[in-house]
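Coordinate analysis (summary)
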Amino acid sequence: MVEQMKALVLSGGAGTRLRPITHTSAKQLVPVANKSVLFYGLDSIAAAGITEVGMIVGDTAAEIEDAVGDGSKFGLNVTYIPQERPLGLAHAVLIARDYLGDDDFVMYLGDNFIVGGITGLVEEFREHRPDAQILLTRVADPRSFGVAELDASGQVIGLEEKPDAPKSDLALVGVYLFTPLIHDAVRAIKPSWRGELEVTHAIQHLIDGHADVRCTVIQGYWKDTGNVVDMLEVNRTVLEGMERRIDGEVDAGSETIGRVVVEEGARIVNSRIVGPVVIGAGTLVSDSYVGPFTSVAENCEITDSELEFSIVLRDSSIRGVGRIESSLIGRHVEVTPAPSVPSAHRLVLGDHSKVQIHS
């Protein structure tokens, strides 16, 4: 019989690197290929055979709960665990103690994206059951991540959080597997200089106590979708794996090339769509070009414009603005041409100002 295993999904966090989008929306719900990043993670957890999920929520709790519900649409049973403010990943484990009980669990950061899911990792953990298992991947600049140091045999001997002088290029991916031994570790550590309880410190505590901490270096694709550049890159990766599907209307004056998805209720009029592209339900694209690696969500309007390598969220319109690329456009946004006005300087100057103007 397979041991009970739970998941702890972290979906609090302010998403400061994705502002201004995250001023009004949870970062985990920003869509790539018209599906929230968080939903990919929940699908991966369900595919790995885990059904019980504790979800850490913060200021955006209402929005997360509205989107995920009780978890049944993912085949999950979700329990929400409020975190007053983000005090570190180990703090999330600390406050989830009652929920997790004595079960093994996978901790999954809700804004992380792993192509191929976590099924193999979970199966490996269940088979060998080390005290902890971490995922690592090689990155160009490890200073923004937790970084692992391995010995010659590949054993984890040290972890550092966002080090100025990293000892390796192996960054921790936002998926961790733990036995209940981690609960002693998170209670034993002190807050870092950031005022947070770092999961790297908790795992280091295990290592120092000679616990069995193993690592898997993933060769597949992983992204922390915390900034616009990474969001667009994940969007590109997901779109590349899509199959062509035309459920909406494409008129005779339009052309769709390659892996293009036009959802039911969408309309393409006198336009050229070059995939991979997804056009959401209820969206109108007219007299426009939509180029590769672009996701346009539901109920948008693209008119007399060009759009490429971009994400457009729902209920937004882009009209008559020429070419837009490498952009993340939020919900209920209107992009229109600026009015044509004579060249002029408009100033609001305080007392004792000095201004130099190039005429």
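In short, a report on the structure. (Residues numbered from 1 in each chain as written. Predicted model: local features only at pLDDT ≥ 70, side-chain atom pairs only at ≥ 80, totals over all residues. Heavy atoms only, no water.)

Okay, the layout of surface pockets next. Approximately 350 Å³ is the volume found for the second largest pocket. As for the second largest pocket, its lining consists of 16 residues, of which Leu29, Pro31, Ser36, Glu298 and Arg314 are closest to the centre. Breaking the lining of the second largest pocket down by element, the ones donating at least two residues are β3 (35–36) and α2 (61–68). Ranked by the residues each element gives to the lining of the second largest pocket, the list is headed by α2, at 3 residues. (1 Å grid on protein atoms, 1.4 Å probe; cavity = no way out; pocket = protein on both sides within 12 Å on 5 of 7 lines; lining within 4 Å. Points joined across faces, edges and corners; volume = space filled by probe spheres on them. Helix = DSSP H or I, 4+ residues; strand = E, 2+ residues; numbered from the N terminus.)

Quick look at helix α5 (residues 119–128) now. Because each turn of an α-helix spans 3.6 residues, side chains separated by three or four positions end up pointing in the same direction. Within α5, burial applies to Leu121, Val122 and Phe125. All buried residues of α5 lie within an arc of 95 degrees about the axis, which places them on one face of the element. Seen from the open side of α5, the exposed residues pointing more than 90 degrees away from its buried face are Glu123 and Glu127. The secondary structure elements touched by the buried residues of α5 are β1 (5–10), β6 (104–109), β8 (132–138), β11 (170–178) and β12 (213–217). Looking one or two places after α5, you find arginine 129, whose phi comes out positive at around 45 degrees. (Buried < 20%, exposed > 50% of the residue type's maximum accessible area, 1.4 Å probe, protein only. Arc of directions from axis to C-beta. Contact = heavy atoms within 4.5 Å.)

The topology assignment puts glutamate 52 in strand β4 (residues 52–57). Of the residues examined, glutamate 52 reaches a relative accessible area of 23% and is grouped as partly exposed. Sequence spacing of glutamate 52 and glutamate 123 is 71 residues, and the spatial spacing of their C-alpha atoms is 16 Å. A polar contact is formed between the side chain of glutamate 52 and the side chain of asparagine 77, at a distance of 3.0 Å. (Polar contact = N/O pair within 3.5 Å; in protein donor to acceptor, adjacent residues only side chain to side chain.)

Glancing now at the side chain of glutamine 133. Mapped onto the fold, glutamine 133 is located in strand β8. For glutamine 133, a relative accessible area of 1% puts it in the buried group. Within polar-contact distance, the side chain of glutamine 133 engages the side chain of glutamate 124 at 3.3 Å. There is a polar contact of 2.9 Å between the side chain of glutamine 133 and the side chain of threonine 216. Setting aside residues up to four positions removed in sequence, glutamine 133 forms contacts with Leu121, Glu124, Phe125, Tyr176, Leu177, Arg214 and Thr216.

This part is about the packing of aromatic side chains. Evaluated as defined, the whole model comprises 5 aromatic pairs. Taking the centre distance of 6.1 Å and the plane angle of 10 degrees together, the rings of tyrosine 176 and phenylalanine 178 count as stacked. Ring plane angle 90 degrees and centroid distance 6.4 Å describe the contact between phenylalanine 293 and phenylalanine 309, whose orientation is recorded as edge-to-face. Highlighted residues: phenylalanine 293 in the loop between β22 (289–290) and β23 (294–296) and phenylalanine 309 in the loop between β24 (301–308) and β25 (311–312), separated in sequence by 16 residues. Among the residues examined, phenylalanine 309 registers a relative accessible area of 23% and is labelled partly exposed. Three or more aromatic residues joined by ring pairs make a cluster, and in this case those are Phe105, Tyr176 and Phe178. Above the ring of tyrosine 99, the side-chain terminus of lysine 6 is found at 4.7 Å from the ring centroid. Of note, lysine 35 hangs over the ring of tyrosine 40, and the distance from its end group to the ring centre comes to 4.5 Å. (Phe/Tyr/Trp six-rings, centres within 6.5 Å; stacked < 30°, edge-to-face > 60°. Lys NZ or Arg CZ within 6 Å of the ring centre and 35° of its normal.)

This brings us to the environment of glycine 116. Mapped onto the elements of the fold, glycine 116 is located in the loop between β7 (112–114) and α5. Relative accessible area serves as the criterion here: at 77%, glycine 116 is assigned to the exposed category. C-alpha separation for the pair glycine 116 and valine 262, spaced 146 residues apart in sequence, amounts to 25 Å.

This brings us to the nonpolar core. Counting 35 residues, the largest nonpolar core has Leu8, Met107, Tyr176, Phe178, Ile182 and Ile203 as the members making the most contacts within it. In terms of residues, this core owes the most to one element, helix α7 (residues 199–208), which gives 5 residues. The residues contacting isoleucine 203, other than those within four sequence positions of it, are Ile134, Leu159, Tyr176, Phe178 and Val213. Ranked by size, the runner-up nonpolar core spans 33 residues in total, among them Val9, Phe39, Tyr108 and Ile114. (Core = buried A, V, L, I, M, F, W, Y, C linked by side-chain atoms within 4.5 Å.)

The next thing to look at is the pattern of salt bridges. Summed over the entire model, instances satisfying the criterion amount to 24 salt bridges. Close ionic contact of arginine 129 with aspartate 104 constitutes a salt bridge, the shortest N to O distance being 2.7 Å. You can see arginine 129 sitting in the loop between α5 and β8 and its partner aspartate 104 sitting in strand β6, a full 25 residues away along the chain. Residue arginine 129 is classed as partly exposed on the basis of its relative accessible area, which comes to 45%. Look at aspartate 104 and you get buried, because its relative accessible area is 7%. Close ionic contact of aspartate 184 with arginine 187 constitutes a salt bridge, the shortest N to O distance being 2.7 Å. Highlighted residues: aspartate 184 and arginine 187, both in helix α6 (residues 181–188), separated by 3 residues, approximately one helical turn. By relative accessible area, which is 44% here, aspartate 184 ends up partly exposed. In this structure, a network of salt bridges that share partners links the residues Glu161, Lys162, Arg194, Glu196 and Glu198. (Salt bridge = Lys/Arg side-chain N within 4 Å of Asp/Glu carboxyl O.)

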